[in-house]
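# Structure at a glance
So the chains spell out like this:
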Amino acid sequence: EASLHLEVRAARLGSRYVLVLADDRTESYRLEETRRDFIANISHELKTPIGAITLLAEALESASDDEAQVRRFAQQMGTEAARLSQITREIIELSRLQATDVLASADRIELDSIVSTAVDHNHVIAKAHDIELAVGGSKRVTVVGDEALLTLALNNLIANAIQYSPDGSRIGIGVHHDAGIAEIAVTDQGIGIPEADLTRVFERFFRVDQARSRNTGGTGLGLSIVKHVVQNHGGDIRAWSQVGHGSTFTIRLPEAPSAVATQGERR
Ligand code: ADP
C-alpha cells in the first residue's frame, strides 16, 4: 500500500487560481505499476504468436510428406507472423507517442481530407460486411498537427466501429466545429461497451470480453494510440455507448486559429 503524501499546489487556470491537492507518491507508485503492467502485457502478447510459430515450425519438420498439411501449417505461420508484426508495429507507435509530446509536424490540416483518407482505407472491409460509411457535417474545419497521426487515429476508430458492428449496419462519421473546437464523431450501431468498461477501453491492451467481436484479432492498443495522438494535439477523446445499440467516439481538437477568424466568410 502506498502511503498518502499530499502536496498543495497553486495552479493558474485561465484567469482564476485553483488549489491542487496532488497526491504525488501515490501517483508515482501508480505510474510505476502501469509501466510494469505494460511490460508484462507486451511479453505476454508477443509470447503467444512466437509460441505458435515455434510449434508450427516443429510440426512442419515432421509433416514433410503431407502436402496439404504443410500448406496449412505454412498458412498458419503466416497468420501468426502477421499478428506479431501488427503488435510490434503498434507497440512501437505507442512508445514513440508516449516518449514525446512534441509533434513531428504542425501542418494546417482540413479534417475533410483526413476523413476521406480514413474512409478510403476502410472502404473494402466495410463493403465486405455491407456496412455503410456515411460522412456528414461541416466542411473546411481546420486543425494544426500531424496528418499521418490524425489519419491513423481516425482510421483506428473507423476500423473498430466496423469490427464491433453487425453486417448491414451504418457508421456515421461527422465533422463539426464550435467555439474554436473541431470535432470528429464516429457513431456505430454495434454491440456497444458496458458502462464499467467505457473508460478502461483507452488503457493499453484492454479488451472487453473477446468473445463478443466478429474477429478476435485485436491487440487492445488501438484506442490507447488514438488517445495519445489526440492528447499530443492538445485535444481529448470521449466515448458514449449503450450495450446492444452502439457507440460514439468523439475526438475534439483545437481549431486552427485563422480558421476561427474567417469562419463566417467560409460558410
Ligand atoms: P482492439 O484491438 O481490441 O480493438 P482497441 O484499443 O481499439 O483494441 O479497443 C479496446 C476494446 O474496446 C476492444 O477490444 C473492444 O472490446 C472495445 N471497443 C472499441 N471500439 C469499440 C466499438 N466501436 N464498439 C464496441 N466495442 C469497442
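I will try to describe carefully the structure that is included in this document. Predicted model only: the values in this text are computed from it and were never measured.

## Observations regarding the packing of helix H3 (residues 111-128) against helix H4 (residues 147-163)
Between two packed helices, both the angle of their axes relative to each other and the distance between the axes serve to describe the pair. Packing of H3 against H4 leaves a shortest axis separation of 9 Å and a crossing angle of 40 degrees. The hand of the H3/H4 crossing is right-handed. Contacts between H3 and H4 involve Ser113, Ile114, Val115, Thr117, Ala118, Val119, His121, Asn122, Ile125 and Ala126 on the former and, on the latter, Glu147, Leu150, Thr151, Leu154, Asn155, Ile158, Ala159 and Ile162. When grouped by side-chain class, the residues that make up the contact of H3 with H4 number 11 nonpolar, 6 polar and 1 charged.

## Section: the site of the ligand
Around the ligand, the structure places 19 residues, and the nearest of them are Asn160, Tyr164, Asp188, Thr219 and Leu223. Between the ligand and the protein, one listed contact pairs an oxygen atom with a backbone N or O atom of Val208 at 3.1 Å. For the ligand, an oxygen atom lies 2.8 Å from a polar atom in the backbone of Leu223. Tallied by class, the residues present in the shell around the ligand amount to 9 nonpolar, 7 polar and 3 charged.

## Side note on H3
Spanning 18 residues, H3 covers 26 Å between terminal C-alpha atoms, matching the ideal 26 Å at 1.5 Å per step. Of all the bends in H3, the largest measures some 50 degrees and sits at Asn122. Of all the positions in H3, only Leu111, Ile114, Val115, Ala118, Val119, Asn122 and Ala126 are classed as buried. Where H3 is buried, its residues meet strand E3 (107-110), strand E4 (132-137), strand E5 (142-145), H4, strand E6 (170-178) and strand E7 (181-187). The first or second residue beyond H3 is Asp130, which carries a positive phi of 55 degrees.

## Some details on the side chain of Thr250
Topologically, Thr250 is positioned in strand E9 (residues 246-254). Other than its neighbours up to four places away in sequence, Thr250 contacts Glu183, Ile184, Ala185, Asp236, Ile237, Arg238 and Trp240.

## Observations regarding the nonpolar core
Within the largest apolar cluster, 49 residues are counted, with the highest numbers of intra-cluster contacts made by Leu133, Ile158, Ile173 and Phe249. Looking at which element gives the most residues to this core, the answer is H4, with 8 residues. If sequence neighbours within four positions are ignored, Ile158 has contacts with Ala118, Val119, Asn122, Leu133, Ile173 and Val186.

## Some words on the sheet that holds E9
To summarise the sheet geometry, strands pair through backbone hydrogen bonds and adopt either a parallel or an antiparallel arrangement. The strand order across the open sheet built from 5 strands is E4-E6-E7-E9-E8, with neighbouring strands paired in mixed fashion. Whereas interior strands pair on both sides, the edge strands pair on one side only; in this sheet they are E4 and strand E8 (236-242). Here the strands of the sheet are splayed against their neighbours by 15 degrees on average, with no regard to which way each runs. Pairing between E8 and E9: 7 bridges, direction antiparallel. Its bridge partner being in E9, Arg238 is matched across the sheet by Thr250. Relative to the sheet, H4 contacts E4, E6, E7, E8 and E9, its axis offset from that of E7 by approximately 25 degrees. Those strands touched by helix H5 (residues 222-232) are E8 and E9, and its axis lies near 25 degrees from that of E9.

Parameters at a glance
Residues numbered from 1 in each chain as written. Predicted model: local features only at pLDDT ≥ 70, side-chain atom pairs only at ≥ 80, totals over all residues. Heavy atoms only, no water. Axes fitted to C-alpha atoms, helices over the stretch in contact; angles between N-to-C directions. Helix = DSSP H or I, 4+ residues; strand = E, 2+ residues; numbered from the N terminus. Left-handed = near helix turned anticlockwise from the far one by under 90°. Contact = heavy atoms within 4.5 Å. Nonpolar A, V, L, I, M, F, W, Y, C, P; charged D, E, K, R; others polar. Near = heavy atom within 4 Å. Polar contact = N/O pair within 3.5 Å; in protein donor to acceptor, adjacent residues only side chain to side chain. Expected span 1.5 Å × (residues − 1). Bend = angle between axes of the 7 residues up to and from the residue. Buried < 20%, exposed > 50% of the residue type's maximum accessible area, 1.4 Å probe, protein only. Core = buried A, V, L, I, M, F, W, Y, C linked by side-chain atoms within 4.5 Å. Pairing = 2+ DSSP bridges.

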